[in-house]
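Structure assessment
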Amino acid sequence: SMDTIPRFGTETPHEAKLAELMDNIDAWGLNIFDVHNYSQSHSLTSVMYTIFKKRNLIETFRISPQKLINYLVTLESHYLDVPYHCSIHAADVTQAIHVLLLIPSFENTFTDLEILAALFAAAIHDVDHPGVTNQYLINSDNELALMYNDTSVLENHSLAVAFKLLQNEDCDFIENLSDEQRKILRQISIDMVLATDMSKHGAIMQTIQSFHQSLKAKQCKDSNSNSSTNDSLVLTEQKERVQLLREMLHCADLSNPTKHLSIYTQWVDRIMDEFHYQGDRERSAGMPISPMCNRRTADIEMAQIGFIQAIVEPLWQMWAQLVYPHCQQMLDNIDSNRQWYEYQISNRSSRNNTSDKTTSQSHDSKEQDKLKG
Ligand SMILES: CC1(C)CC(=O)N(CC(=O)N2CCC(N3N=C(c4ccc(OC(F)F)c(OC(F)F)c4)[C@H]4CC=CC[C@H]4C3=O)CC2)C(=O)C1
Ligand SMILES: [Mg+2]
Ligand SMILES: [Zn+2]
């Protein structure tokens, strides 16, 4: 019954502190690492449960709170203890897409079912990730590459694991959706999670420009019909709405550089740990070492500047243009974060001590304040 369900979905002695953090569930600045610590390492369960309650999805889809929590706790336990692709990343991406869906441009864009599917896709998108890339699984003849014929191996695997868990009677929180609704939820989730495969990034960037231009054209036409300038985007085709959700999850998956430096550098340390561990395995197996995976030649700052310039900034600029002025904070953070890494490189040469270049410099506020000038 309801009274046995804790406020944030999981028992914790720090409920008051968690409540304080959850007050920021709608904010880009939420510290997901604090949520993880104060929720007894149940950040994914507590973030998803809080968002579902806040969005009234439990009533709308007649979800059993206990089954929802059973599913979330089970899903969370199927994220592995790897440095980056763990349950905190899933909680981070879920909370990010929740905030992106709150942008006024999307006030009347998505149906409740599409919102349910988007949050579900974010929560499941990396479940059971082994902490190595698709390329590594393919090069090492891994069982998973065999199973999925070298195609979006990790993404297919996460989808299969997530839907398998739903077949457990106690976890089937979507039992009261109609067959048609379950079909649509499954269709949208598969589409969105498969689009998080970075090998699809080029295709997304190809179509995003013309797609957004067509949306803006429609938006202007609509706004002529009524006064408010900042119309929410109205998309009549489900196909177009799913394309927007696919881009949104991809943005959320590539959102680390859009966060405050103190959060961003923690994600950098984690991804580099994961990549370097993969590089160690490639080296000892005599395999070619993947880009950014060789801890002996790693230039973490250069890699971040390249990652931002090649991938993150172009994508977020497209996104910010579509929802102008609502994502300026993300663009500002990308810019100041890139500048901070450039600053790290510039004062390497002047630094006379032999600093250890293989660990990313955990920032200190003094340097950051200097940047602010
Ligand atoms: C070497 C370059 C100068 C030129 C270049 O081609 N690329 C791209 C590249 O080499 N890629 C593409 C992205 C891949 N990738 N990388 C992730 C990731 C996450 C957080 C990161 O840091 C921070 F934000 F926490 C990060 O930093 C990066 F510098 F490593 C990378 C994930 C993104 C989504 C899905 C799964 C992870 C995934 O598939 C890895 C291969 C460059 O990045 C720079
Ligand atoms: Mg992934
Ligand atoms: Zn991810």
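Going by the structure above, here's the rest.
Residues numbered from 1 in each chain as written. Chains lettered and ligands numbered in written order. Predicted model: local features only at pLDDT ≥ 70, side-chain atom pairs only at ≥ 80, totals over all residues. Heavy atoms only, no water.

Section: the overall build of the protein
The number of helices and strands found in the protein is 17 helices and zero strands. In terms of overall dimensions, the protein is globule-like: its C-alpha atoms have a radius of gyration of 21 Å, near the 21 Å expected for 373 residues. Once the C-alpha set of the protein is aligned to its principal axes, its extents read approximately 65 × 50 × 45 Å. Here the protein holds 373 residues, and the buried ones make up 53% of them. Put simply, 76% of the contacts in the protein that link residues at least 6 apart link residues at least 24 apart. Carbon and sulfur atoms form 51% of the exposed surface of the protein, whose accessible area is close to 16,800 Å². Taking the 31 positively charged and 49 negatively charged side chains of the protein as two groups, their mean positions are separated by 3 Å. (Helix = DSSP H or I, 4+ residues; strand = E, 2+ residues; numbered from the N terminus. Rg over C-alpha atoms; globule rule 2.2 N^0.38 Å. Buried < 20%, exposed > 50% of the residue type's maximum accessible area, 1.4 Å probe, protein only. Contact = heavy atoms within 4.5 Å. Areas by Shrake-Rupley, 256 points an atom, 1.4 Å probe, with all protein chains shown as cover. Lys, Arg positive; Asp, Glu negative; His and termini not counted. Charge placed at Lys NZ, Arg CZ, Asp CG, Glu CD.)

Observations regarding the side chain of Gln278
Here Gln278 lies in helix α14 (residues 261-284). Under the relative-accessibility criterion, Gln278 is labelled buried at 1%. In contact with Gln278, not counting residues within four places along its chain, are Gly131, Val132, Thr133, Tyr136, Ser290 and Cys293.

Some details on the environment of Ile115
Within the fold, Ile115 resides in helix α7 (residues 112-124). Classification of Ile115 by relative accessible area gives buried; the value is 12%. C-alpha separation for the pair Ile115 and Asp253, spaced 138 residues apart in sequence, amounts to 17 Å. Residues in contact with Ile115, not counting those within four places in the same chain, are Arg55, Leu101 and Phe110.

Some remarks on the site of ligand 1
Around ligand 1, a shell composed of 18 residues is seen, among which Met198, Asn256, Phe275, Met292 and Gln304 lie nearest. For ligand 1, the accessible surface in isolation is 790 Å², of which the surrounding protein chains cover 74%. Looking at the shell around ligand 1 residue by residue, the classes come out as 13 nonpolar, four polar and one charged. (Near = heavy atom within 4 Å. Nonpolar A, V, L, I, M, F, W, Y, C, P; charged D, E, K, R; others polar.)

So, the packing of aromatic side chains
Considering all chains together, one arrives at 12 aromatic pairs under this definition. Look at Phe33 and Trp267: their rings are 4.7 Å apart centre to centre, the planes differ by 45°, and that puts the pair in the tilted class. With a gap of 234 residues between them, Phe33 in helix α2 (residues 32-38) and Trp267 in helix α14 connect regions that are remote in the sequence. The exposure class of Phe33 is buried, given its relative accessible area of 7%. Here Trp267 falls in the buried class, since its relative accessible area comes to 1%. An angle of 50° between the planes, with centres 5.7 Å apart, marks the rings of Phe106 and Phe110 as tilted. For the pair formed by Phe106 and Phe110, the shared burial category is buried. Each member of the aromatic cluster is reached from another via a ring pair, and the members are Phe52, Tyr71, Phe120, Phe163 and Phe173. It is Arg186 that lies over the ring of Phe163; its NZ or CZ is 4.7 Å from the centre. The lysine or arginine in question, Lys259, covers the ring of Trp28, its NZ or CZ lying 5.0 Å from the ring centre. (Phe/Tyr/Trp six-rings, centres within 6.5 Å; stacked < 30°, edge-to-face > 60°. Lys NZ or Arg CZ within 6 Å of the ring centre and 35° of its normal.)

Quick notes on the coordination of the zinc ion (ligand 3)
Here the zinc ion (ligand 3) is held by His89 (NE2), His125 (NE2), Asp126 (OD) and Asp253 (OD), and the distances to it run 2.1 Å. Bound by four donor atoms, the zinc ion (ligand 3) shows angles of 82 to 175° at the metal and therefore irregular coordination geometry. In this structure, the zinc ion (ligand 3) lies 3.7 Å away from the magnesium ion (ligand 2), the two metals sharing Asp126 as a donor. (Donors = N, O, S within 2.8 Å, 3.2 Å for Na, K, Ca; no water. Tetrahedral: all angles 85-135°; square planar, octahedral: opposite > 155°, others 65-115°.)

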